[in-house]
Structure formats: C-alpha cells, structure tokens
Amino acid sequence: MATIEGFKHHARKSYTLRPVELRIADHLDVYQPLSVKEIRIQASRCMDCGTQFCSWGCPLGNLIPYWNEHAQNGDWEEAYRMLRLTNNFPEFTGKICPALCETSCSLSIHHGAVTIREIEHTIIETAFKEGWVKPRYPKMRTGKQIAIIGSGPAGLTVADELNAVGHEVTVYERSTEVGGLLRFGIPNFKLEKYVIDRRIELMKEAGVKFVTGVEVGTDMSVLKLEEEMDALVLTGGSTIPRDLQVKGRELKGIHYAVDYLSQYTMSVHGLEIEGEVISAKDKTVLVIGGGDTGSDCIGTAVRQGAKAVYQYEIMPKPPEKADVLMTWPTAANTLKTTSSHEEGAQRFWSTKTHEFIGSEGKLRGVVASSEDGSEYEIAVDLVFLAMGFLHPAREGMIEALSLELDQRGNVATDKKHMTSRKGIFSAGDMRSGQSLVVRAIHEGRIVARDIDEYLMGDSLLRG
Ligand code: FAD
C-alpha cells in the first residue's frame with residue numbers, strides 16, 4: 001500500500017553531477033542518478049493530488065501519480081506499463097526534458113517538487129534492463145504506405161505509432177544517422193547516443209524502415225514520393241538558425257552553434273566531418289545566446305580544451321528565485337545554471353554585440369555593450385551563434401510541394417495536421433517552430449492518430 005505523506009518525512013533529493021574535473025575529461029553523461037532505493041523514497045513524496053497539475057503541465061499528459069505509486073512500491077513493471085501508455089520514448093524525456101511537470105507539481109509551492117523526471121528515467125532504464133521494452137509488432141498489415149521525412153523525435157514517434165497499427169512506414173533522413181537533434185544537436189554529455197540506437201533497433205525489428213543519407217526534395221523527388229505513398233509526414237525540424245548581421249559577420253571563426261555541436265558529436269563517434277573542422281582547443285570562445293543551445297556549446301568548448309569561454313545574453317539577468325505563488329503551475333523566469341556553466345564559463349547579461357573585428361579575414365574580437373550602453377572590446381578567436389531557429393528551410397521539399405506557411409514561416413496545417421496539400425501532414429518543430437523534445441513526441445502522437453483516421457476512417461491510437 002502506498003503512502004501519500006512521504007513529503008512530510010523526506011525532502012526533495014535529486015541527481016548529483018560527476019565532479020567537474022572528471023566529466024570534462026570525457027564525453028560521457030554528466031549525471032549521477034539516485035539509487036533505486038532513493039528513487040522509491042522520492043516517489044513516496046507524491047501526494048496523489050485530486051487535480052493532477054503534473055499531468056496537466058506535461059505536454060504528453062503523463063500519468064505521473066499512477067507511476068509514482070508503483071515506483072514507490074517497487075512494482076517497476078506496472079510503473080513502466082503506465083508510463084508507456086502516454087510516452088513513446090521516456091528514455092529521451094527522462095534525461096533531457098526541462099520537466100514542465102515538476103514546475104506544475106503542487107509540492108513545488110512549499111516543499112520542492114517530486115523528482116518526476118528521475119523517477120521516469122529509473123522506470124524506463126529498469127524496463128530496458130529487465131527486457132520489458134519490446135518491439136511493437138503490428139497485429140496485421142493494412143497495406144498503406146507512409147513516408148516520414150525527418151527522423152527527430154517527432155518523426156520517430158509518428159513512425160512508432162503508425163507501424164504499430166499496421167501501416168508500412170519508411171523514415172527518410174538526410175544525415176548519415178537517425179535521431180535529428182537528439183543525435184546531432186544535444187551533446188553526448190547530456191544524452192549518450194546508445195540511448196537512440198537501442199530504440200532504433202527495436203523499431204527496425206518491429207518493421208519500421210530507415211533510409212539515411214537522403215535529402216528528400218533534393219536527392220529524391222518529393223513529388224514522386226507523394227505519388228507512390230498513401231500519406232507523407234514532414235518532420236524536418238526548424239533548421240534555419242537566427243543570424244547576427246553586424247559588421248564583420250563574414251570573418252572566419254564565426255559559426256552557428258548547431259554546426260559546431262553536430263561536428264562535436266560526429267568527432268566523438270569517429271564519423272567523417274565534411275569541410276572545415278571547428279575546434280575550440282586553446283581558443284578564447286564567445287557564445288552569443290544564453291539558452292540551452294548556448295550552454296551545450298560551453299560544455300563542448302570546455303571539453304575540447306578552450307582557453308576561456310564567455311557567454312553573452314541580451315536579456316537582463318533573471319532573479320535567482322521567484323514568488324512561486326505568482327506563477328505556479330507555470331514556470332517562472334528564474335536564473336538557470338546548467339552543468340556546463342559550472343564547468344567554467346563567464347556569463348554576461350544585458351549584453352549586445354555590435355561588431356566583429358578581425359585581421360586578414362580572421363576573427364580577433366568583438367565590440368559589445370552592457371546595460372549602461374558603454375561599448376568595450378574583447379579579444380576572442382571563436383564565436384558561436386546560439387540565438388535559436390527561425391523556421392524550416394524553404395528550398396527543396398517545401399518549395400517543390402508549394403506548401404502554405406504560417407506567419408512565422410513554419411509549415412501551416414489544419415486542425416488535423418494536414419498541410420495545404422491533401423495527404424501530406426506535418427509535426428514537430430517544422431510545424432510548431434523551435435520547441436522541446438516532449439512537445440515533438442506529443443505532436444507525433446497526435447499526427448499519427450490523424451493520419452490513421454485519414455487512411456482508415458477511424459483510429460485506435462490514443463494520440
Ligand atoms: P529535429 O530533431 O530537428 O529533426 C528533424 C530531422 O529532419 C533532422 O534529422 C534533419 O536532418 C531531418 N531533415 C530535415 N529536412 C529533411 C529532408 N528534406 N530530407 C530528409 N531529412 C530531413 N529539447 C529538450 O526538450 N531538451 C533539451 O535539452 C534540448 N536541447 C537542445 C539542444 C540543442 C543544441 C538544440 C538545437 C535543441 C535542443 N532541444 C532540446 C530542442 C529539441 O531538440 C527539438 O525541439 C526537437 O528535436 C524537435 O524535434 P523534431 O523531430 O521536430 O525535429
């Protein structure tokens with residue numbers, strides 16, 4: 001029998017990080033999870049609220065109090081059964097989700113939220129260890145052919161769902177490896193790549209086909225694919241990074257964060273890098289952009305042996321704490337310090353970059369100003385632009401299909417996620433704009449149900 005009063009006796013306890021000097025010497029996961037015994041205690045802190053704000057806060061509507069009860073009882077198989085009802089890939093979200101559920105947890109008001117993300121992680125890792133995570137073989141085949149273009153979390157979710165109800169699914173990916181930003185955006189030290197590989201193996205076993213190294217709309221005609229398939233799903237992500245068009249932008253040494261991060265993952269895994277190799281070794285690095293992508297660049301530069309790393313954020317420094325009663329159950333804008341920040345970056349707030357300066361075509365420094373408007377110059381060798389993404393690339397697939405776009409330049413869809421072209425659907429960052437893995441999975445599930453209904457007239461998928 002579970003208790004709902006654990007919070008009275010146990011404080012919130014969360015993961016620790018491996019010591020800085022150890023973790024920056026390798027490319028492995030920075031987290032040291034709690035023991036299973038500690039996780040059970042943490043799960044006992046869940047109050048099983050009448051109105052479950054945690055499930056409301058989670059885009060997937062995860063059945064959190066239910067799996068918390070099973071977790072505290074040590075019934076991991078039942079906990080896994082509940083978890084997989086709403087989340088196709090808890091191994092991704094259990095590692096890198098910003099845990100909107102924890103922000104919404106009622107305990108976060110006074111006692112510190114339940115460590116929901118870590119409980120999720122323990123459930124799914126136990127399930128993998130025990131062999132409970134199995135290929136989702138369909139009971140029968142429908143004969144319907146579906147092409148999914150883009151293998152990030154949105155595309156993978158659509159593939160997993162539609163294959164499970166019997167459609168023939170092929171996922172096309174322009175990179176040599178599948179996973180989208182899970183693979184070539186989020187660095188190893190946050191998400192080790194065996195986590196993706198092990199899931200892909202199960203999906204292949206269940207019948208999903210993957211074609212890599214093919215850019216649809218460039219290497220392969222999307223119009224031909226449209227003719228051959230019963231439905232197309234565009235899950236190509238939001239790929240055009242925001243630029244900083246100031247004087248000196250053309251200098252050598254200024255790169256988009258995502259180009260740098262994808263090279264880093266490639267080099268860690270011994271994959272061939274085309275073109276100029278970007279390395280922060282012995283360099284003074286400036287990361288422009290104070291979000292998660294900027295943090296990922298810091299951690300990467302530190303691991304490559306950068307001499308110094310600075311980070312500029314144009315917004316003012318947020319407060320360290322907020323009045324939770326004013327914002328709960330939604331997130332407050334408070335200061336976020338990531339594992340990468342702890343590894344040795346100097347952060348600057350309310351800072352604007354005015355000019356890149358250089359000599360002989362090479363970057364030597366930047367001119368910036370802080371809050372009081374006074375300009376100063378600092379010497380840097382490398383700049384990473386980590387200011388988010390604007391929208392998907394229009395050339396290729398979107399242009400060839402003459403798709404309508406929304407006001408922000410993302411692929412426009414109707415309520416059933418169908419684009420302006422019949423039988424062609426879209427999900428994830430390509431449709432919604434830059435977002436989160438958990439939202440990509442959520443969209444993938446909904447789109448899969450919409451497509452199943454479109455093809456079969458009805459659907460048993462939950463969405
Ligand atoms: P993507 O993951 O972008 O995948 C799209 C895929 O489509 C890519 O592999 C691309 O190569 C492929 N593709 C595009 N066009 C074509 C084509 N024509 N033919 C074939 N293939 C094509 N979110 C979190 O929740 N937690 C985090 O910690 C986090 N960290 C992040 C760190 C970085 C550096 C970045 C950039 C993003 C991060 N995000 C994080 C956001 C998250 O990764 C994205 O919201 C999510 O991956 C979007 O999923 P998606 O499937 O829509 O697209």
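Structural data are supplied above this passage.
Residues numbered from 1 in each chain as written. Predicted model: local features only at pLDDT ≥ 70, side-chain atom pairs only at ≥ 80, totals over all residues. Heavy atoms only, no water.

Q: Just checking my understanding: could you explain the packing of helix α14 (residues 257-268) against helix α15 (residues 292-303) for this structure?
A: Packed helices, taken two at a time, are described by their axes: the angle between them and the distance between them. Where α14 meets α15, the closest approach of the two axes is 10 Å, and the angle between their N-to-C directions is 45°. The angle between the axes of α14 and α15 places the two elements in the oblique class. In this structure, the crossing between α14 and α15 has a hand that is left-handed. Only Thr 293, Asp 296, Cys 297, Thr 300, Ala 301 and Arg 303 of α15 make contact with α14, whose side of the interface consists of Ala 257, Tyr 260, Leu 261 and Tyr 264. Each residue belonging to the contact of α14 with α15 can be placed in one class, and the counts come to 6 nonpolar, 2 polar and 2 charged. (Axes fitted to C-alpha atoms, helices over the stretch in contact; angles between N-to-C directions. Helix = DSSP H or I, 4+ residues; strand = E, 2+ residues; numbered from the N terminus. Parallel < 35°, antiparallel > 145°, perpendicular 65-115°, else oblique. Left-handed = near helix turned anticlockwise from the far one by under 90°. Contact = heavy atoms within 4.5 Å. Nonpolar A, V, L, I, M, F, W, Y, C, P; charged D, E, K, R; others polar.)

Q: I tried to follow the sheet that holds strand β9 (residues 284-288) on my own but got confused; where do I start?
A: With respect to topology, 5 strands assemble into an open sheet ordered β8-β15-β9-β10-β11, the strand pairing being parallel. Since the sheet does not close on itself, it has two edges, and those belong to β8 (254-256) and β11 (345-348), each with one partner. Adjacent strand axes in the sheet meet at a mean angle of 20°, parallel and antiparallel pairs treated alike. (Pairing = 2+ DSSP bridges.)

Q: Explain the site of the ligand to me, please; I cannot follow it from the model alone.
A: Residues in contact with the ligand amount to 34 residues; listed here are only the nearest, Ile 96, Ala 154, Glu 173, Val 216 and Asp 429. Between the ligand and Leu 436, the relevant distance is 3.4 Å, taken from an oxygen atom to a main-chain nitrogen or oxygen of the residue. With the chains in place, 94% of the 1000 Å² that the ligand exposes on its own is no longer accessible. Taken together, the elements giving at least two residues each to the shell around the ligand come down to α10 (153-164), β4 (168-173), α15 and α20 (437-456). Grouping the amino acids of the shell around the ligand by side-chain chemistry returns 16 nonpolar, 12 polar and 6 charged. (Near = heavy atom within 4 Å. Polar contact = N/O pair within 3.5 Å; in protein donor to acceptor, adjacent residues only side chain to side chain. Areas by Shrake-Rupley, 256 points an atom, 1.4 Å probe, with all protein chains shown as cover.)

Q: Help me understand the packing of aromatic side chains in this model?
A: Describing an aromatic ring pair means giving the distance of the ring centres and the angle of the ring planes. If you walk through the whole model with that rule in mind, you get 9 aromatic pairs. Between the aromatic rings of Phe 89 and Phe 92, the centroid separation amounts to 5.2 Å while the plane-to-plane angle is 40°, which identifies the pairing as tilted. With respect to class, Phe 89 is no different from Phe 92; both count as buried. Each residue in the set Phe 53, Trp 56 and Trp 328 is aromatic and connected to the rest through ring pairs, giving one cluster. We note Arg 249 situated over the ring of Tyr 256; from NZ or CZ to the ring centre the distance is 5.4 Å. Over the ring of Phe 189 we find Arg 303; its NZ or CZ atom is 4.0 Å from the centre of that ring. (Phe/Tyr/Trp six-rings, centres within 6.5 Å; stacked < 30°, edge-to-face > 60°. Buried < 20%, exposed > 50% of the residue type's maximum accessible area, 1.4 Å probe, protein only. Lys NZ or Arg CZ within 6 Å of the ring centre and 35° of its normal.)

Q: Teacher, can you tell me more about helix α6 (residues 76-86) here?
A: Owing to its 3.6 residues per turn, the α-helix brings residues three or four apart onto one side. All of the buried residues along α6 are Trp 76, Ala 79, Tyr 80, Met 82, Leu 83 and Thr 86. The buried residues of α6 occupy one face: seen down the axis, they fall within an arc of 165°. Tucked inside the fold, the buried residues of α6 contact α3 (36-43), α5 (64-72), α7 (90-96), α9 (116-130) and α20. (Arc of directions from axis to C-beta.)

Q: So what exactly am I meant to see when it comes to unusual backbone geometry here?
A: Among all residues except glycine, the phi angle is most often negative; among peptide bonds, the trans geometry is most common. Here the amide bond leading from Trp 328 into Pro 329 is cis, since omega sits at 5°, within 30 degrees of zero. On the secondary structure map, Pro 329 appears in the loop between α16 (324-327) and α17 (339-342). Even without being a glycine, Glu 360 presents a positive backbone phi close to 50°. With respect to the helices, strands and loops of the structure, Glu 360 is situated in the loop between β12 (352-359) and β13 (362-369).

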